[in-house]
Amino acid sequence: MTDTILILSDRPDRQVKQLRASLRKLGFNVLALPLVDIGFDSRYPSGIAIPRMNGALPAAVIVRSISSGTFEAITRRLGILHAFAHLGVPVWNSAKAIERCVDKSTTTFLLAQAGLPTPETFAVESIANAQLVATRELVHGPLVLKPLFGSQGKGIRLIRSIEDLPEPEEVDDVYYLQRFVARPGPPYCDYRVFTCDGEVLGMMARRAEGWITNIAKGAKAEAVKGPLRAKLESLALAASAAIGTDFAGIDIIPAADGKLLVLEVNSMPAWTGLQSVVPVRIADCIANALAAWIEDELDERPAA
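Reading the values: the criteria
Residues numbered from 1 in each chain as written. Predicted model: local features only at pLDDT ≥ 70, side-chain atom pairs only at ≥ 80, totals over all residues. Heavy atoms only, no water. Helix = DSSP H or I, 4+ residues; strand = E, 2+ residues; numbered from the N terminus. Rg over C-alpha atoms; globule rule 2.2 N^0.38 Å. Buried < 20%, exposed > 50% of the residue type's maximum accessible area, 1.4 Å probe, protein only. Contact = heavy atoms within 4.5 Å. Core = buried A, V, L, I, M, F, W, Y, C linked by side-chain atoms within 4.5 Å. Pairing = 2+ DSSP bridges. Phe/Tyr/Trp six-rings, centres within 6.5 Å; stacked < 30°, edge-to-face > 60°. 1 Å grid on protein atoms, 1.4 Å probe; cavity = no way out; pocket = protein on both sides within 12 Å on 5 of 7 lines; lining within 4 Å. Points joined across faces, edges and corners; volume = space filled by probe spheres on them. Nonpolar A, V, L, I, M, F, W, Y, C, P; charged D, E, K, R; others polar. Axes fitted to C-alpha atoms, helices over the stretch in contact; angles between N-to-C directions. Parallel < 35°, antiparallel > 145°, perpendicular 65-115°, else oblique. Left-handed = near helix turned anticlockwise from the far one by under 90°.

## Quick notes on the overall build of the chain
For step 1, the next point in the chain: For the chain, the count of helices and strands is 8 helices and 15 strands.
For step 2, the next point in the chain: Over its C-alpha trace the chain gives a radius of gyration of 20 Å, about what one expects of a compact globule, namely 19 Å for 304 residues.
For step 3, the next point in the chain: Principal axes of the C-alpha set define a box for the chain whose edges measure 65 × 45 × 35 Å.
For step 4, the next point in the chain: Put simply, the chain has 304 residues, and 48% of those count as buried.
For step 5, the next point in the chain: Partitioning the intrachain contacts of the chain with sequence separation of at least 6 by distance along the chain shows that 65% fall at a separation of at least 24.

## Focus: the nonpolar core
For step 1, the next point in the chain: If you look at the biggest cluster of nonpolar residues, it comprises 27 residues, and the most contacted ones within it are Ile 5, Leu 23, Phe 194, Trp 271, Ile 282 and Ile 286.
For step 2, the next point in the chain: When contributions to this core are tallied by element, the ones reaching two or more residues are β1 (4–8), α1 (14–25), β5 (60–63), β11 (188–196), β12 (199–208) and α8 (282–300).
For step 3, the next point in the chain: Among the elements that take part in this core, α8 stands out by supplying 8 residues, more than any other.
For step 4, the next point in the chain: Core analysis: the next-biggest nonpolar cluster, separate from the first, contains 23 residues, Tyr 191, Ala 236, Ala 248 and Val 262 among them.

## A short note on the environment of Ala 248
For step 1, the next point in the chain: Assignment of secondary structure puts Ala 248 in strand β14 (residues 247–254).
For step 2, the next point in the chain: Sequence-wise, Ala 248 and Cys 196 are 52 residues apart; in three dimensions their C-alpha atoms are separated by 6.6 Å.

## Looking at the sheet that holds β1
For step 1, the next point in the chain: Strand order across the open sheet formed by 4 strands is β2-β1-β5-β6, with parallel pairing between neighbours. Edge positions in the open sheet fall to β2 (29–33) and β6 (91–92), since each of these has one partner strand only.
For step 2, the next point in the chain: Bridge count between β1 and β2: 5 bridges; the pairing is parallel. The residue of β2 that forms the bridge with Thr 4 is Asn 29.

## Some words on the packing of aromatic side chains
For step 1, the next point in the chain: Applying the stated criterion to the full structure yields 4 aromatic pairs.
For step 2, the next point in the chain: With a centroid separation of 6.5 Å and an interplanar angle of 75°, the aromatic rings of Trp 92 and Trp 293 are classed as edge-to-face. Remark: Trp 293 occurs in helix α8 and Trp 92 occurs in strand β6; sequence separation between them is 201 residues.
For step 3, the next point in the chain: Accessibility expressed as a relative area gives 1% for Trp 92, which makes it buried.
For step 4, the next point in the chain: Among the aromatic side chains, those forming a connected cluster through ring pairs are Phe 194, Phe 247 and Trp 271.

## Points about the layout of surface pockets
For step 1, the next point in the chain: Roughly 240 Å³ of volume is contained in the second largest pocket.
For step 2, the next point in the chain: Its residues assigned to classes, the lining of the second largest pocket comprises 6 nonpolar, 1 polar and 4 charged.

## Things to note about the sheet that holds β12
For step 1, the next point in the chain: Ordered in space as β13-β12-β11-β14-β15, the 5 strands form an open sheet in which the pairing is antiparallel. A single partner strand is all that each edge strand has here, and the edge strands are β13 (220–223) and β15 (260–266). Geometrically, the sheet is characterised by an average inter-axis angle of 30° between neighbouring strands, direction not taken into account.
For step 2, the next point in the chain: Here β12 runs beside β13; their pairing, made up of 4 bridges, is antiparallel. When the bridges of β13 are listed, Arg 206 appears paired with Ala 221.

## A closer look at the packing of helix α4 (residues 104–113) against helix α6 (residues 228–243)
For step 1, the next point in the chain: Two elements in contact, α4 and α6, have axes whose closest approach is 9 Å; the angle formed by their N-to-C orientations is 115°. Classified by the angle their axes make, α4 and α6 are roughly perpendicular. Crossing handedness for the pair α4 and α6: right-handed. On α6, the residues that touch Thr 107, Leu 110 and Leu 111 of α4 are Ala 239, Ala 242 and Ile 243.
For step 2, the next point in the chain: Considering only residue class, the contact of α4 with α6 consists of 5 nonpolar, 1 polar and no charged.

## Looking at unusual backbone geometry
Backbone geometry follows two general trends: most residues other than glycine have a negative phi, and most peptide bonds adopt the trans configuration.
For step 1, the next point in the chain: Following Trp 92, the chain continues into Asn 93 via a peptide bond in cis, with omega recorded as -10°.
For step 2, the next point in the chain: Turning to its location among the elements, Asn 93 is positioned in the loop between β6 and α3 (95–102).
For step 3, the next point in the chain: Phi angles above zero are rare outside glycine, and Asn 54 is one such case at about 50°.
For step 4, the next point in the chain: Structurally, Asn 54 can be placed in the loop between β4 (48–49) and β5.
For step 5, the next point in the chain: Looking at Asn 54, the relative accessible area reads 73%, which means it is exposed.
For step 6, the next point in the chain: A positive phi angle, near 50°, is found at Asp 197, a position not held by glycine.
For step 7, the next point in the chain: Along the chain, Asp 197 falls in the loop between β11 and β12.

Here is the structure:
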């Protein structure tokens, strides 16, 4: 393998630029490419063709995004990540962790199986099955419909009646419905905790006038202080362990009674909002953790 770290991203956004700078400070070469540009190629001993690497493999891979696409395209891209792992190349986050995170129903299943507090959730196919769920559950309060694969608060809607359910073609005939968590507001608040390699790098409160509190939707980031930090840290580390992420953004929401509930685990989180309220440099922490992990892996390998 080379001393090159491969960053997989659809575009050179702020996070990619920060990671590149942090990794270069540690002495690594850095190559950033879209995953779509990497192919299977049986001419190479590795079976993988990476532009500008002439058949060589990277020392490690960091996945920032895998982009949307057809089922066939996403399957192929995840196959590339699985292939890297098969070849002994560390992949942060692994294909398995990404699969668990991008499918919100699997995330919720694993959180619940680990005994972590999470809102009641129902994931079904067909409008008929969604209507059955809504008929049964709306008597207990509103539901939130989320895209099964989605981020940054896009496509979220509040379901107060059966008539609020969208047509099948709007949601690819999959209905992910979660109990709406009532909380004080406005402003409304939830928390994002960033974990990396079994540690918490930082956390923020997100406040917004509306009940959707994503930074991308206009929420404001604030520092988290006091004894709440320990509770959030414990929940976030347990959620990361349940999903198996190397680094992640864990979303936690406080209910009206003060109970904390884990909403989501994001395997490809942005950290612009978080960086504005924490003293550590997130990209440096990820780079340092990955470098230490690579060194440990090399030390454990038998001599040739």
